[in-house]
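Below are the chains, spelled out letter by letter.
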Amino acid sequence: MIPISKPWIGAEEKQAVLQVLDSGMLVQGAVTARLEEEFARLCGVKHAVAVASGTAALHVALLANGVVPGDEVITTPFTFFASVSSILAAGAVPVFVDIRAETFNIDPDQIEAAISPRTKAIMPVHLYGYPCDMDRICAIAAKHGLRVIEDAAQAVGAKLHGRAVGSFGTACFSLYATKNVMSGEGGMITTSDDGVAAQCRLIRNHGMASTYLHERLGFNYRMTDLHAAIGLAQLGRLGTLTAKRRENASFLTARIRSAITPLVEKGYEHVWHQYTIRVASDRDGALRKLHEAGIGARVYYPMPVHRQPCMEGRGRIAGSLAIVERVAGEVISLPVHPALTPQELETIVSGVNSLC
């Protein structure tokens, strides 16, 4: 089976972990600080704050931006559940608006009508590694005095008109094992706001400004230097691996003819965390045929967040979610990772084109 993802672990990662073990400094030390510096440089921001996971990054970012119980945060229901569970963990109310079918991302045309007196922030999700329309989203936020919290979990290295994802507001990245840059488990928050960065550093470490002096409620969301060492090694080859993902995606787009292939608009730099096609009918049957052909395709995500069992009585739906409902029944993600061989790419194309 051609896997949907394949972590790229080399000698650099192994040696980096051994060096941390030998150093005796295992948690939030010099290696974590170096990863933060490199991540901030990558995103073109003043600060990067390492945390234990992408979910922790979202939770911390919301709290650091002043989101409190009863506030509303506008977002998309077509995302991994962590986007919304972090809003709920902050005591806030997720407000769901529809997406653009072509990009899978939140539709800026739907945002303004969803704003209420309780709205505190907008959380766009750069799904599959494709940037949201941040120029329009930031303009809406500025007009209404709202915070922007980018869920960039899948989009490290993506850009919009030359500007890095992660630099438009407070942004949150995941370094989970399957991500384009991974540390096994981990997360990163990026911002150029000095006050937000200071709050993030407090919250991730039990709210401590100094040892046993707790200025606010915080959590144990620290990153270990073991994880940071892996992330540093990964970050060093991000450019090479992203180029290979883009090459693989171009190969698929040029040859697949029996499904709707992903759109890439002018000025948008996709990093292809996932290569996601849409099939017009019998998605489950198509998925089964791909598996029979040895292609490890997956569905991200079959059930929108607003329909999850635990969401009953939670959240607010603003307008129609017709596109979300339709797209959730059409999407199939294909392997696009850098370790694919030419023969595997041919197998993927053949398998998809045999669906028609």
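Quick look at the structure, then. (Residues numbered from 1 in each chain as written. Predicted model: local features only at pLDDT ≥ 70, side-chain atom pairs only at ≥ 80, totals over all residues. Heavy atoms only, no water.)

## Some details on the nonpolar core
Turning to step 1, where the next piece is worked out: With 43 residues, the main nonpolar core has Phe 78, Leu 252, Ile 256, Tyr 275, Ile 277, Ile 332 and Leu 334 as its most contacted residues.
Turning to step 2, where the next piece is worked out: Put simply, the parts of the chain that give this core at least two residues each are α9 (238-255), β13 (275-278), α10 (283-292), α11 (322-327), β15 (331-334) and α12 (342-353).
Turning to step 3, where the next piece is worked out: Take this core: its biggest share by element is four residues, from α12.
Turning to step 4, where the next piece is worked out: One finds Val 31, Phe 39, Ala 158 and Val 271 within the second-largest nonpolar core, a separate group that totals 26 residues. (Core = buried A, V, L, I, M, F, W, Y, C linked by side-chain atoms within 4.5 Å. Buried < 20%, exposed > 50% of the residue type's maximum accessible area, 1.4 Å probe, protein only. Helix = DSSP H or I, 4+ residues; strand = E, 2+ residues; numbered from the N terminus.)

## Some points on helix α7 (residues 194-203)
Turning to step 1, where the next piece is worked out: Within the span of α7, buried status applies to Val 196, Ala 197, Cys 200, Leu 202 and Ile 203.
Turning to step 2, where the next piece is worked out: Those residues of α7 that are buried lie in contact with β1 (47-51), α3 (54-64), β5 (147-151), β8 (170-174), β9 (187-191) and β10 (208-210).
Turning to step 3, where the next piece is worked out: Capping of α7 at its N-terminal end is provided by Asp 193; its side-chain oxygen lies 2.9 Å from the backbone amide nitrogen of Gly 195. (Contact = heavy atoms within 4.5 Å. Polar contact = N/O pair within 3.5 Å; in protein donor to acceptor, adjacent residues only side chain to side chain.)

## Overview of the packing of α9 against α12
Turning to step 1, where the next piece is worked out: Between α9 and α12, whose axes approach to 10 Å, the crossing angle comes to 30°. Relative to α12, the crossing made by α9 is right-handed. For the pair formed by α9 and α12, the contact residues are Asn 248, Phe 251, Leu 252 and Arg 255 on the first element and Leu 345, Glu 346, Ile 348, Val 349 and Asn 353 on the second.
Turning to step 2, where the next piece is worked out: The class makeup of the residues in the contact of α9 with α12 is five nonpolar, two polar and two charged. (Axes fitted to C-alpha atoms, helices over the stretch in contact; angles between N-to-C directions. Left-handed = near helix turned anticlockwise from the far one by under 90°. Nonpolar A, V, L, I, M, F, W, Y, C, P; charged D, E, K, R; others polar.)

## Here's the deal with the pairing of β13
Turning to step 1, where the next piece is worked out: Burial of β13 is two-sided: the residues Tyr 275 and Ile 277 facing one way and the residues Thr 276 and Arg 278 facing the other way are all buried.
Turning to step 2, where the next piece is worked out: Alignment of β13 against β15, held across four bridges, turns out to be antiparallel. Paired with Tyr 275 across the two strands is Leu 334, which belongs to β15. (Pairing = 2+ DSSP bridges.)

## Some thoughts on a nonpolar patch on the surface
Turning to step 1, where the next piece is worked out: A contiguous nonpolar patch, built from Leu 18, Leu 21, Leu 26 and Val 27 and spanning about 320 Å² of accessible area, is present on the exposed surface.
Turning to step 2, where the next piece is worked out: Relative to the elements of secondary structure, Leu 26 occurs in the loop between α1 (11-23) and α2 (30-43). (Patch = residues over 30% accessible without salt bridge, like charges linked within 9 Å, V, L, I, M, F, W, Y side chains within 5 Å. Areas by Shrake-Rupley, 256 points an atom, 1.4 Å probe, with all protein chains shown as cover. Salt bridge = Lys/Arg side-chain N within 4 Å of Asp/Glu carboxyl O.)

## A look at the packing of α3 against helix α4 (residues 82-89)
How two helices pack is summed up by the angle between their axes together with the distance between the axes.
Turning to step 1, where the next piece is worked out: The geometry of α3 relative to α4 is characterised by a closest axis approach of 9 Å and an angle of 40° between their N-to-C directions. Between α3 and α4, the angle is such that the two are oblique. Note on packing geometry: the crossing formed by α3 with α4 is right-handed. The residues of α4 that touch α3, namely those facing Thr 55, Leu 58, His 59 and Leu 62, are Ala 82, Ser 83, Ser 85, Ser 86, Ile 87 and Ala 89. (Parallel < 35°, antiparallel > 145°, perpendicular 65-115°, else oblique.)

## Quick look at the pairing of β1
Turning to step 1, where the next piece is worked out: Most of β1 is tucked away, with five of its five residues classed as buried.
Turning to step 2, where the next piece is worked out: Burial of the side chains of β1 extends over both faces: His 47, Val 49 and Val 51 are buried on one face and Ala 48 and Ala 50 on the other.
Turning to step 3, where the next piece is worked out: The pairing of β1 with β9 spans five bridges and is antiparallel. Looking at β9, one finds that Val 49 is bridged to Ile 189.

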